[in-house]
Amino acid sequence: MIRPEQLLTPTPKGLYCPPGDFYIDPLRAVDLAVITHGHSDHARAGHAAVLATPDTIEAMAVRYGEGFTSSRQPALYGETVRIGDVSVQFVPAGHVIGSAQVVVEWRGLRMVCTGDYKRRPDPTCTPFEVAPCEVFITEATFALPVFLHPNPEEEIARLLVSVARSPGRAHLVGVYAFGKAQRVLRLLRAAGYDKPVYIHGALKALCDMYERLGVKLGPLLPVTLDRSVRRDASRFAGEIILGPPSSFSTPWAQRFPDPVISFASGWMRLRQRAKAGGVELPLILSDHADWAELTQTIEDVNPGEVWITHGRADALERWADLNGRTARPLHLVGYEEEAGD
């Protein structure tokens, strides 16, 4: 009888596969890294070799430069790659473009590591697919019953209502550069907003990448730091400007007179968090599964055992116990709960 720990085992570097001698989303440089998606807490530069989907490899090259690894091997969704005696396959995770669950099989044992994922439709990436397995390794970023994400279209509608009601104010929307920015743009376009959207320079390279990969974002304009912009900040009245949250405390954001500060994040469900961050218009928009999606996914996969990589592991473990399922936290550190939330 093969024990799961013989196939995948938690280590300080991340999940390690002894029979294949590779790591999944390792936290430190290793000889062979299998990467679930391109967010920086899961995809790091410096590995000798990387196996990932083509879009994730593209994202890593954009973020870290073409020399992010000595050897890269792209694998399409559904393609089986043999690493020694281990079969590895990518299945869509629905988190961001290129994101994948890693399906690992060896001697009849099948384990699935989700990386980060969501079940909601997202026009910027391939939707999540259920992958049955004996051991399901899941995230738990929003694994508390309070986290029930609303309809994304309704949140974008709230933004557009605010823009219409405050034509004299610019709307600064905090978005993470990879995934969230492009999703907000596509939701705006789907809602009929066809005006140019202004973007912080930190978003440009990844927006350009999405365009190259076939995700149309509509007209985008840069917000530059030249003197003419500072002299005529009123021209941004009534406009939507996207930028990374970190930019809102810098001179970049301070040029806009009386802006409406907004933030698109699953954490905006917590009112005190929005208030503490000075967010006037919180948009509850997450690229992670909420409580209902996490528990429903476990029901859909129906594994014999659940492992929890990071997040609110205690709550999900308790839910599993109450529902007659076996679960254990792995206590992996280094995966930031707010990365791409």
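Above: the structure in question.
Moving on, we get to the packing of helix α3 (residues 152–165) against helix α4 (residues 180–190). As a packed pair, α3 and α4 sit with axes 10 Å apart at the nearest point and diverge in direction by 75°. As the angle between them shows, α3 and α4 are arranged roughly perpendicular. Within the contact between the two elements, α3 uses P152, E153, I156, L159 and L160 and α4 uses R183, V184, L187 and L188. Of the residues belonging to the contact of α3 with α4, the class tally is seven nonpolar, no polar and two charged.

Pairing in this open sheet of six strands is mixed, and the strands run β1-β2-β3-β4-β5-β6 from one edge to the other. Edge strands, defined here as strands with exactly one partner in the open sheet, are β1 (9–11) and β6 (71–74). The sheet shows a mean angle of 30° between the axes of neighbouring strands, taken without regard to direction. Here four bridges tie strand β5 (residues 49–52) to β6, and the two strands are oriented parallel to one another. Each residue of the ladder has a partner; that of A49, found in β6, is S71. Where helix α2 (residues 54–64) meets the sheet, its contacts fall on β5 and β6, and the angle it forms with β6 comes to roughly 145°.

Pairing is mixed in the open sheet, where seven strands are placed in the order β7-β8-β9-β10-β11-β18-β19. Looking at the sheet topology across the chains shown, the edges are occupied by β7 (80–83) and β19 (327–329). Going from strand to strand, the sheet's axes swing by 25° on average, the running direction of each strand aside. As paired elements, β7 and strand β8 (residues 86–92) share four bridges and run antiparallel to each other. Each residue of the ladder has a partner; that of V81, found in β8, is V88. Along the sheet, helix α9 (residues 291–301) makes contact with β11 (135–140) and β18 (305–311), crossing β11 at roughly 170°. Packing against the sheet, helix α10 (residues 313–322) makes contact with β11, β18 and β19, and its axis sits at approximately 170° to β19.

Conventions we followed
- Chains are numbered independently. Their residues run from 1 in the order of the written sequence.
- Local features are withheld for residues below a pLDDT of 70 in this predicted model, meaning they are given only at 70 or higher, and side-chain atom pairs are given and counted only at 80 or more; totals for whole chains, interfaces and linings count all residues.
- Side-chain measures here rest on the full set of heavy atoms in the structure, leaving out hydrogens and waters.
- Only the stretch in contact is used when fitting a helix axis, every axis being a line fitted to C-alpha atoms; angles between N-to-C directions are given from 0 to 180 degrees.
- Per the convention used, a helix needs a DSSP run of H or I reaching at least four residues, while a strand needs a run of E reaching at least two, with both numbered from the N terminus.
- Note on angle classes: values under 35 degrees are labelled roughly parallel, values over 145 roughly antiparallel, values of 65 to 115 roughly perpendicular, and the remainder oblique.
- Residue contacts are counted whenever heavy atoms from the two residues lie within 4.5 Å of one another.
- The residue classification treats Ala, Val, Leu, Ile, Met, Phe, Trp, Tyr, Cys and Pro as nonpolar and Asp, Glu, Lys and Arg as charged. All others, Gly included, are polar.
- Here a strand pair is declared whenever DSSP counts at least two bridges between the two strands.

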